[in-house]
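# Architecture at a glance
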Amino acid sequence: MTATKWQFLAAKALNGERLTLEEGLSVLEADNDEVLLIMNAAFTVRRHFYGKKVKLNMIINAKSGLCPEDCGYCSQSIVSTAPVPKYTMLDKETLLAGAREAMARKAGTYCIVAAGKGPTDKELNQVVDAVIEIRETMPLKICACLGILKDEQAKRLAEAGVHRYNHNLNTSKANYPSITTTHTYDQRVETVEKVKMHGMSPCSGLIIGMGETHQEIVEMAFALRELDADSIPINFLNAIPGTPLEHAGRTPSMKALKVLALFRLVCPSKEIRVAGGREVNLRTLQPLSLYAANSLFVGDYLTTAGQEVSADHQIIEDLGFEIELNAL
């Protein structure tokens, strides 16, 4: 394909038209020699909606290693033998300290994440208490990720001031049974819809590298467009020893860039976040990811280490981009 072809897809995205399955596949299956042209097309769309601004997010692992789910990618699952910290929900003061650290890292969004199928009432109370104080004392946006929610729980989080709720689809509906058996794809979709119903901004993404086909990646992009997720974190599997997917290979860096470009073209106005696994999959090509993505996590992830925050700040500065402070 020529540069004109990729710019045609960018124009289509800017006009609000959805790419066809064939067009989506053409992005993923393009020769690596086309990658810079594809990224330029993605940047045309990214620049239209977000200019050169980059949103920063920080995760706190609020409850670790005690999850009854059997997700094959996760070191905290019941089937994992990975040596991860195990603790119950962090207390209010620790969650507040995390929020202050997010401010120090110039993150606009603070993500409170807890392993588990869904929160108990006690756990929810602890999160709600912390959220109320954070909202009163710091100019942070708050994202919660606590698993499957009941209606009353979603209502309480929204009333406490949670801006955004994350519940990733993770993989395609067809691939779901090979990744987990303790919940379904449809349950994930239902939770995202419940979040929207209660007025929180929906955040939902995926993990690339779990045996999905190119067609399934395009279908996931279409599903998240249909779900109208405001924020789409794109994770690349970081295969952890002790998990069922420990032997899965890394996603090639050039393919990772094509995936990010695809999601920008399919979901043009949405926050596309290059998320977990970027350091080990994109490696030295991390800066190029921001020509499609407009958001990233700074610091460590749930049980794996990220790179130095100063390195992320340096990437943004060297690109001539700027951090969007206090951005949702």
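Now for a description of the structure that goes with this document. (Residues numbered from 1 in each chain as written. Predicted model: local features only at pLDDT ≥ 70, side-chain atom pairs only at ≥ 80, totals over all residues. Heavy atoms only, no water.)

### Some details on the side chain of Thr180
- On the secondary structure map, Thr180 appears in the loop between β4 (164–166) and α7 (185–197).
- In this structure, Thr180 is in contact with Asp70 and Cys71, ignoring residues within four places of it in sequence. (Helix = DSSP H or I, 4+ residues; strand = E, 2+ residues; numbered from the N terminus. Contact = heavy atoms within 4.5 Å.)

### Regarding the state of the cysteines
- Taken as a whole and judged by the stated rule, the model has zero disulfides.
- Sulfur of Cys67: no disulfide; nearest cysteine sulfur belongs to Cys71 and is 6.3 Å away.
- Cys143 takes part in no disulfide bond, and the closest cysteine sulfur to it belongs to Cys111, at a distance of 4.6 Å.
- In this structure Cys143 comes out as buried when scored by relative accessible area, which is 4%. (Disulfide = S-S within 2.5 Å. Buried < 20%, exposed > 50% of the residue type's maximum accessible area, 1.4 Å probe, protein only.)

### Concerning the pairing of strand β3 (residues 141–145)
- The element β3 is largely enclosed, with a buried count of four among its five residues.
- Examined bridge by bridge, strand β2 (residues 109–114) and β3 share five bridges and lie parallel to one another. Bridging from a neighbouring strand, Ile112 pairs with Ala144 of β3.
- In terms of handedness, the path from β3 via helix α6 (residues 151–160) over to β4 forms a crossover that is right-handed. (Pairing = 2+ DSSP bridges. Right-handed = clockwise from strand over helix to strand, strands pointing away.)

### Comments concerning the side chain of Ser201
- Position of Ser201 among the secondary structure elements: in strand β5 (residues 201–203).
- Among the polar contacts made by the side chain of Ser201, one reaches the side chain of Arg164 at a distance of 3.2 Å.
- Within the structure, Ser201 has its side chain in polar contact with the side chain of Asp230 (distance 2.7 Å). (Polar contact = N/O pair within 3.5 Å; in protein donor to acceptor, adjacent residues only side chain to side chain.)

### Regarding the packing of aromatic side chains
- Per the stated rule, a full pass over the model turns up four aromatic pairs.
- Ring centres of Phe43 and Tyr291 lie 5.1 Å apart, and the angle between their planes is 75°; on these two criteria the pair is classed as edge-to-face. Highlighted residues: Phe43 in helix α3 (residues 35–50) and Tyr291 in the loop between α11 (286–289) and β9 (295–297), separated in sequence by 248 residues.
- Assessed through its relative accessible area of 24%, Tyr291 is described here as partly exposed.
- Plain terms: the ring middles of Phe43 and Phe321 are 6.0 Å apart, the flat faces sit at 5° to each other, and that makes the pair stacked. Separated by 278 residues along the polypeptide, Phe43 in helix α3 and Phe321 in the loop between α12 (309–319) and β10 (322–323) bring together distant segments of the chain.
- The class for Phe321 is buried, based on a relative accessible area of 7%.
- If you follow Arg18 out to its NZ or CZ, it ends over the ring of Phe222, 3.7 Å from the centre. (Phe/Tyr/Trp six-rings, centres within 6.5 Å; stacked < 30°, edge-to-face > 60°. Lys NZ or Arg CZ within 6 Å of the ring centre and 35° of its normal.)

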